[in-house]
Amino acid sequence: MSASTQEINNLINQEYKQGFVTELETNTFLPGLDESVIHKLSKIKNEPEFMLEYRLKAFRHWQTMKSPEWAFVKFDPIDYQSISYYSAPKRKEDGPKSLDEIDPQILEAYKKLGIPLDEQERLAGVAVDAVFDSVSVATTFKGKLKDAGVIFCPISEALRDHPELIKEYLGSVVPITDNYFAALNAAVFTDGSFVYIPKGVRCPMELSTYFRINAANTGQFERTLIIADEGSHVSYLEGCTAPMRDENQLHAAVVELVAMKDAVIKYSTVQNWYPGDKNGLGGIYNFVTKRADCRGANSKVSWTQVETGSAITWKYPSCVLTGDNSVGEFYSVALTNNYQQADTGTKMIHIGKNTRSTIVSKGISAGKAQNTYRGLVKVLKSAENARNYTQCDSLLVGDQCGAHTFPYIEVKQPSAQVEHEATTSKISEDQLFFCQQRGLSAEDAVSMIVNGFCKEVFKELPMEFAVEAQALLGLSLEGSVG
Amino acid sequence: MLSIKNLHVSVGDKPILKGINLEIKPGEIHAIMGPNGSGKSTLSHILSGKSGYTVTEGSATYQGKDLLEMPPEIRAREGVFLAFQYPVEIPGVSNVYLLKAALNSIRKHQGQSEVDAMDFLTLVKGKVRLLEMDEKFLYRAVNEGFSGGEKKRNEILQMAILEPKLCILDETDSGLDIDALKIVSEGVNSLRSPDRSFVMVTHYQRLLDYIKPDFVHVLANGQIVKSGGAELALELEEKGYSWLEDAEASA
Ligand SMILES: Nc1ncnc2c1ncn2[C@@H]1O[C@H](COP(=O)(O)OP(=O)(O)OP(=O)(O)O)[C@@H](O)[C@H]1O
Ligand SMILES: [Mg+2]
């Protein structure tokens, strides 16, 4: 093996910077899952009766289902009885009314993540909802949002305060029968964010949720529901981290987006769950269902994701383009290192006339990691003049990793135009040497080349997030050249 | 500046350089000529730190330091620059971004502060004009889709901005049209200074009409078989290399 291949291999030995554990007193359910756990969960959350029914129905359906096996990932079967389905920091009876009432340890934990909730509220102009294990601990900027008519709150709160919206929209994009993990989520989800933007309102600030799994042996099942009513606009950011633990932890989230006529939703994710150590021990199993329904004419949903974390990622943010002239976009960077596995991509379902979709996927694999793009473009008979453009690029760092591409195309409407382009490239030793000969360290060179590769996706991210994403890619490759 | 003593280099088991001796003083220009496959690029690579070669004997000392011990990026920061025979493409990374990152890493090594964005642009645009390039090249990805000649010119642009001490030009003239050769040569000449040295690998006397070397060396089969002044290049142009190889064989 030549020197620079060796260097690349060394660079890959990164350290995870968010791996701290916060010591807190918690209320945690004993591990195990049956109907009584769901009753208990619904009760502790003080949910309306219809929610309990919803959960039980989902649970019963889940029990008839099998864990999916088609994805290009390998893992031992998950023992769902060894997971605890609820963990919440202990706190005053009715929960925090303001940030002053939040446990200082939690605030400290968010500070370490670079998300100082208190300052964020005052300075940054981004409204933040922070979900710690199973509960939402803080939502900032509530006042200002309320003035605009925007509802941004923990979904557990929305269940109590806006049951009519929940009844109408929850499960309307991802039904409980959709897939194994979505059914499980519907049965046991604990918290997440709820957003409603009323007709004609442009949300006055970016909305953002930070998820953190802290407790051991717990799963995180969050549920996000965003409804953009006619002519409204919203940009939503999601970030996630977890401590370093030797055992695998399950994260099975569901995100539903509904865009009505002329509405625009931009959903950006920087996912940095703990990926496991360099030998593949521990890490989060990130099995997520994200789907948007472009329900109204001329609506638009744009997914942008930067995925650097998790031991296994199984995730296909999708758009159902129901409304005529509606637009779906998917911009993705997925980086896998060491023993990480990612099977990710998107589905674009064209139903309405003149619907358009764009897919730009950038997969980077380093170390011994596997990275798979899996995408479906489906054009139904009704979707006259539908158009799709897909570009799918893979970059290999080192010589022990893999990249795979599975594009599925189903077209039932002859006027549709579907384009697909795919490339695979490698960071060559000549490129590395060239950069080093210009004075850059091998690490900086890899990071620069990777960032260049991802440029088209990064430019879709909101400014602060783009900076964070670039830094994260650098960190995730740290140690792979030495 | 650079002192190479009895340098032997192999790739795997195959010896390529077989005892090179070369002394380069500050301000000097040395031209290296020789048949294809004689080891000229190998010499350029070994001096700039490319991996994949084994030094089996000998030494190279640069400004009093053991050059062969230094990692490639340290050599670059200490002022060794290689203009590649075959420059690589780096998709997605703009020329101007690479130049700034390179310049700053060199400045940092030399204890200087990062270059101010405005000063940097002024500097870069000046050099772009010097080499009669279009400013658009700054914002294109490094060498991506550049023509052969544009890539070569881009190498010299980088050299002009990074201001190295020891400039190694591996066949920079190959692939340049007549006008470009003149422009690039003028660029190189403008960088000549009493404390900057050049090693120019070339096959053609033509380049040496524009950049007059102090010494010309002939590399054949891994050794320097003849050294002389600028006039040696004219002689080679006329007679080719075979008379030297014959002389070597009979010696
Ligand atoms: N990695 C390698 N593996 C095997 N042989 C090599 C390798 N690198 C160089 N060589 C051989 O070493 C010899 C010298 O190559 P080098 O590129 O230094 O020649 P050169 O003098 O620059 O030739 P040219 O004028 O064609 O550019 C050649 O025979 C070449 O095939
Ligand atoms: Mg050569």
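Residues numbered from 1 in each chain as written. Chains lettered and ligands numbered in written order. Predicted model: local features only at pLDDT ≥ 70, side-chain atom pairs only at ≥ 80, totals over all residues. Heavy atoms only, no water.

Colleague: I'd like to hear about the packing of helix 6 (residues 148-162) of chain B against helix 7 (residues 178-191) of chain B, residue by residue, with values.
Modeller: Residue and element names in this part refer to chain B. Packing of helix 6 against helix 7 brings their axes to within 10 Å, and their N-to-C directions diverge by 15 degrees. Our classification of the angle between helix 6 and helix 7 gives roughly parallel. In this structure, helix 6 crosses over helix 7, and the sense of that crossing is left-handed. On helix 7, the residues touching Arg153, Ile156, Met159 and Ala160 of helix 6 are Ala180, Ile183, Val184, Val188 and Leu191. (Axes fitted to C-alpha atoms, helices over the stretch in contact; angles between N-to-C directions. Helix = DSSP H or I, 4+ residues; strand = E, 2+ residues; numbered from the N terminus. Parallel < 35°, antiparallel > 145°, perpendicular 65-115°, else oblique. Left-handed = near helix turned anticlockwise from the far one by under 90°. Contact = heavy atoms within 4.5 Å.)

Colleague: Break down helix 9 (residues 230-239) of chain B for me, citing the residues and quoting the values.
Modeller: Residues and elements named next belong to chain B. Taken together, the buried positions of helix 9 are Ala230, Leu232, Ala233 and Leu236. Taken around the axis of helix 9, the buried residues stretch over an arc of 150 degrees, which confines them to a single face. Set apart from the buried face of helix 9 by more than 90 degrees, the exposed residues are Glu231 and Glu238. Count one or two residues on from helix 9 and you reach Gly240, which has phi positive near 75 degrees. (Buried < 20%, exposed > 50% of the residue type's maximum accessible area, 1.4 Å probe, protein only. Arc of directions from axis to C-beta.)

Colleague: Please give an account of the interface of chain B and chain A that cites residues and values.
Modeller: Listed by partner, the interface residues are 31 residues for chain B and 20 residues for chain A. Buried area between chain B and chain A, summed over both chains or domains, comes out near 2,000 Å², and the portion from carbon and sulfur atoms is 64%. Scanning the region where chain B abuts chain A turns up two salt bridges. Between Glu155 of chain B and Arg438 of chain A there is a salt bridge, and its shortest N-O distance comes to 2.7 Å. Counting every contact that joins chain B to chain A gives 11 residue pairs in polar contact (both at pLDDT 80 or more). At the level of secondary structure, the elements contributing two or more residues to the side of chain B that touches chain A comprise helix 1 (40-48), helix 2 (72-77), strand 6 (80-83), strand 7 (90-94), helix 3 (95-109) and helix 6 of chain B. Among the elements that make up the side of chain B that touches chain A, the one with the highest residue count is helix 3 of chain B (six residues). Tallied by class, the residues present in the side of chain B that touches chain A amount to 18 nonpolar, eight polar and five charged. (Buried area = accessible area lost by both parts, 1.4 Å probe. Salt bridge = Lys/Arg side-chain N within 4 Å of Asp/Glu carboxyl O. Polar contact = N/O pair within 3.5 Å; in protein donor to acceptor, adjacent residues only side chain to side chain. Nonpolar A, V, L, I, M, F, W, Y, C, P; charged D, E, K, R; others polar.)

Colleague: For the pairing of strand 11 (residues 254-259) of chain A, give the residues involved together with the corresponding values.
Modeller: All names here are of chain A. By the criterion of burial, strand 11 is predominantly enclosed, with six of the six residues buried. Going residue by residue along strand 11, you find Val254, Glu256 and Val258 tucked away on one face and Val255, Leu257 and Ala259 tucked away on the opposite face as well. Pairing analysis gives six bridges linking strand 8 (residues 223-228) to strand 11, with the strands arranged parallel. Counted as the bridge partner of Leu225 is Glu256 from strand 11. (Pairing = 2+ DSSP bridges.)

Colleague: Kindly report on the site of ligand 1, identifying the contributing residues and their values.
Modeller: Residue and element names in this part refer to chain B. What surrounds ligand 1 is a group of 14 residues, the closest being Gly37, Lys40, Ser41, Thr42 and His203. Between ligand 1 and the protein, one listed contact pairs an oxygen atom with a side-chain N or O atom of Lys40 at 2.7 Å. At 2.8 Å, a backbone N or O of Ser41 approaches an oxygen atom of ligand 1. Protein contacts shield 62% of the accessible area of ligand 1, which totals 640 Å² for the unbound molecule. Of all the secondary-structure elements, those providing two or more residues to the shell around ligand 1 are strand 2 (14-24) and helix 1. Looking at the shell around ligand 1, the element that brings in the most residues is helix 1, giving three residues. (Near = heavy atom within 4 Å. Areas by Shrake-Rupley, 256 points an atom, 1.4 Å probe, with all protein chains shown as cover.)

Colleague: Explain the packing of aromatic side chains to me, and be specific about the residues and the numbers.
Modeller: All names here are of chain A. Under the counting rule described, the total for this entry stands at 16 aromatic pairs over all chains. Ring geometry for Phe181 versus Phe287: centroids 4.6 Å apart, planes at 40 degrees, classification tilted. Of the two residues, Phe181 sits in helix 9 (residues 180-188) while Phe287 sits in strand 13 (residues 283-294), which places them 106 residues apart along the sequence. Per residue, the accessibility class of Phe181 equals that of Phe287, and both read buried. Measuring from centroid to centroid gives 5.2 Å for Phe181 and Trp314, while their planes differ by 70 degrees, and the two rings are edge-to-face. Here the residue Phe181 occupies a position in helix 9, and Trp314 occupies one in strand 15 (residues 312-315), the gap between them amounting to 133 residues. Judged by relative accessible area, which is 2%, Phe181 ranks as buried. On the accessibility criterion, Trp314 (7% relative accessible area) is buried. An aromatic cluster of three or more residues is present, and its members are Phe59, Trp62, Tyr80, Tyr180, Phe181, Tyr285, Phe287, Trp314 and Tyr316. The cationic tip of Lys167 hangs over the ring face of Phe50; the distance from NZ or CZ to the ring centre is 4.9 Å. (Phe/Tyr/Trp six-rings, centres within 6.5 Å; stacked < 30°, edge-to-face > 60°. Lys NZ or Arg CZ within 6 Å of the ring centre and 35° of its normal.)

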